[in-house]
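# Remarks on the overall topology
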Amino acid sequence: RPRLQKGPVADEGVRAPVIEDRESRVQVVMQRILAIAGLTWKAAFRFRLFLVVAVLLLASVVGLPLLLKDDGTARGFTQILLTYTLTLITALLGLSTLWLSCGTLARDIEECQMQVVAVKPVARWQIWLGKWLGIMSLNAALLAISGGGVYALLEWRAAHLPPAEQTVLRTQVLVARGSAKEASLDSQIQSQTDEELRQRLAANPNTPVDIDALRKTLLEQVKARYEDVPPGYARTWSIHLGAAKNELHNKPLSLRIRFNSSTYYDSRTFLGLWQVGVPGHTTLWQSKPMSLSPHTFHEFKIPPDLFDKNGVLTISFVNLNNVTLLFPLGEDMEVLYPQGGFTMNFIRGLGIIFCWMALFGAIGLTASTFLSFPVAAFVSLGLLTMVLCSNTMAYAVKEGSVAPYNAQLGHGYSPLDIVIIPAFRLALTVIHLAENFSPIDSLSTGRAISWGELGLAFGQIVVLLGGSLGLIGIFIFNRRELATAQGNQ
């Protein structure tokens, strides 16, 4: 009799066909998705979109430097060049992505081409995903062309500069520098405000008062104690460098500061004395009196090894003027230190811009699953406009009302606040997931964009926001009756 075998030998005969069948099904699905992506490329070339956008991007990279005005220094020109060229590249790619993503699906439905594709053994989620991948591969090619043009232009200009200017560029702009700031003082300010409010109410228990208005007033007063530096007084920052302190020995650091004058329109310069270090614990460095202008960022180097053994850098500023100077919390002081090269930092910055394009593509495709091409484009641009107006929404949320400001009564309240303010708050939460990343600003100021930051951008922008929109778009696309919708138009 034939002997029956047990164990791995018997299992392999059963499992092998199953595994091969799964692999073949995955290959078929990928072939279908890639075929849809290829059709998207053909549509982009048929509409001349790829060629037109590529020409516009290269023209902006080459032609924009001829129109820009700078402060006459290589550093100033390079920073402006990076800012404006990358901003223009992002705007052109964003608009073309929205236009193509809205048109490629909506037009296929309107022109009855999608009805032919949908009856084939191609799932609708494969159609949606294939079009998204096609759009993203187009964006990758266009971003590589334009980004390569910007990088080549920067390197060419840097190579033709005098040695002194090249040193400035290689150490302050065309570089990746880490950043460290003072720990947030928000909790300390809030606790002091609450304590002063309690004391004020306890001292006047029978006096009618608007508690919210009083708290806002006290909050501004407490913040002013940290921000204001009266004549002859000093302001001190304690900034922890973290794990980077182990790599910063014998390396000079840079301070990036900004202050305001008590009179906003005062354009004169102000004298200040800077001191870094703690007497008796670290080497003490003191600058000569510096004459700096308000309402703008200034950057200057300090000697190495001025932080203590715990990695804390202590910085003091003495006001030598007869007016009060204000250092806004959160943006008043920043320590910059070398962390890497410009090339990989530039590539990571382009990677974050690519993540934004992935989100734009998901927005356009989702809108086109249930709207016609003009309406889908209008809705997508409306969402983009809402993102640009996020500061207005943030101000309304901060004030708690969308009612206009009255000089006598202050901020009023509207019945619509019950609905609009929570909606604004939710919209800002979503917008901040994508808005918190600023590669253009980081690249123009020579600050490092880490791989962790790029990974977080991919997770929040592409996976979370783009994935959520993709699931919504696929669900709507699956539920839509294409022939019925076409017949009713």
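Rules behind the numbers
- Positions within a chain are numbered from 1, following the residues in the order the chain's sequence is written.
- Under the rules for a predicted model, residues below a pLDDT of 70 receive no local features and side-chain atom pairs below 80 are neither given nor counted, while totals for whole chains, interfaces and linings still include all residues.
- Calculation of side-chain values draws on the structure's entire complement of heavy atoms; hydrogens and water are dropped beforehand.
- Here is the rule: rings of Phe, Tyr and Trp (six-membered ring for Trp) pair when centre to centre is within 6.5 Å. Planes less than 30 degrees apart are stacked, more than 60 are edge-to-face, and the remainder are tilted.
- The secondary structure listing takes helices from DSSP runs of H or I that are at least 4 residues long and strands from runs of E that are at least 2 residues long, numbered from the N terminus.
- Geometrically, a lysine NZ or arginine CZ counts as sitting over a ring once it is within 6 Å of the ring centre and also within 35 degrees of the ring normal.
- Note on geometry: axes are lines fitted to C-alpha atoms, helical ones only across the stretch in contact, with angles between N-to-C directions running from 0 to 180 degrees.
- Orientation categories follow fixed angle ranges, with anything under 35 degrees roughly parallel, anything over 145 roughly antiparallel, 65 to 115 roughly perpendicular, and all other angles oblique.
- Whether a crossing is left-handed or right-handed is set by the direction in which the near helix is turned from the far one by less than a right angle, anticlockwise for left-handed and clockwise for right-handed.
- We call two residues contacting when some pair of their heavy atoms lies within 4.5 Å.
- Only Asp, Glu, Lys and Arg are considered charged, only Ala, Val, Leu, Ile, Met, Phe, Trp, Tyr, Cys and Pro nonpolar, and every remaining residue, Gly among them, polar.
- Detection works on a 1 Å grid of protein atoms alone, calling trapped sets that fit a 1.4 Å probe cavities and calling open sets with protein on both sides within 12 Å along at least five of seven lines pockets, with lining residues defined by an atom within 4 Å of a point.
- Grid points are joined across faces, edges and corners, and a volume is the space filled by probe spheres set on the points.
- Each residue carries a pLDDT value, the predictor's own confidence for that position, ranging from 0 to 100.
- Salt bridge, as applied in this entry: a Lys or Arg side-chain nitrogen positioned within 4 Å of an Asp or Glu carboxyl oxygen.
- When accessible area is computed with a 1.4 Å probe and restricted to protein chains, residues below 20% of their type maximum are described as buried, those above 50% as exposed, and intermediate ones as partly exposed.
- Surface patches are defined over residues having more than 30% relative accessible area and no salt bridge, joining like charges when they lie within 9 Å and nonpolar side chains (Val, Leu, Ile, Met, Phe, Trp, Tyr) when within 5 Å.
- Computed by Shrake-Rupley with a 1.4 Å probe, the accessible areas treat only the displayed protein chains as cover when residues are assessed.

## Considering the packing of aromatic side chains
- Inspection of every chain in the model, using the stated rule, returns 15 aromatic pairs.
- Arranged with centres 5.9 Å apart and planes meeting at 40 degrees, the rings of Tyr151 and Phe346 form a pair that is tilted. Here Phe346 lies in helix 9 (residues 342-368) and Tyr151 lies in helix 5 (residues 124-159), a separation of 195 residues in the sequence.
- The ring of Phe297 carries the charged tip of Arg256 above its face, separated from the ring centre by 4.0 Å.

## Remarks on the packing of helix 5 against helix 14 (residues 451-479)
- Following both chains from N to C, one finds helix 5 and helix 14 inclined at 135 degrees, their axes separated by 9 Å at the closest point. Considered as vectors, helix 5 and helix 14 are oriented oblique to each other. The hand of the helix 5/helix 14 crossing is right-handed. On the side of helix 5, the interface is formed by Arg124, Trp125, Ile127, Trp128 and Trp132, while helix 14 contributes Val462, Gly470, Gly473, Ile474, Phe477 and Asn478.
- Looking at the contact of helix 5 with helix 14 residue by residue, the class counts come to seven nonpolar, three polar and one charged.

## Considering empty space enclosed by the protein
- Summed over the entire model, instances satisfying the criterion amount to one cavity of 30 Å³ or more.
- Looking at the largest cavity, its volume works out to about 80 Å³.
- Around the largest cavity, the lining residues are Ala44, Leu49, Phe50, Val53, Ser96, Thr97, Leu100, Ile135, Leu138, Asn139 and Leu142.
- Looking at the lining of the largest cavity, the elements with two or more residues in it are helix 2 (49-67), helix 3 (74-110) and helix 5.
- The element contributing the most residues to the lining of the largest cavity is helix 5, with four residues.
- Partitioned by chemical class, the residues of the lining of the largest cavity number eight nonpolar, three polar and no charged.

## Observations concerning the confidence of the model for the protein chain
- In the predicted model, the protein chain carries a mean pLDDT of 83, and the fraction of residues at 70 or more is 89%.
- Contacts for the low-pLDDT stretch residues 4-10, under 50 throughout, to residues beyond four places or in other chains number one contact.

## Some remarks on the pattern of salt bridges
- Counted by the stated rule, this structure contains nine salt bridges.
- For Lys131, the salt bridge is made with Asp108, and the minimal N-O distance between the two is 2.8 Å. Of this pair, Lys131 sits in helix 5 while Asp108 sits in helix 3, and the two are 23 residues apart along the sequence. The pair formed by Lys131 and Asp108 is uniform in burial state, with each residue classed as buried.
- Where salt bridges share partners, they join Arg256, Glu334, Asp441 and Arg447 into one cluster.

## Observations regarding a nonpolar patch on the surface
- Taken together, the side chains of Val375, Phe378, Val379, Leu383 and Met386 present a nonpolar region at the surface, about 430 Å² in accessible area.
- By the element assignment, Val379 lies in helix 10 (residues 373-388).
- Exposure remark for Val379: the relative accessible area of 33% places this residue in the partly exposed category.

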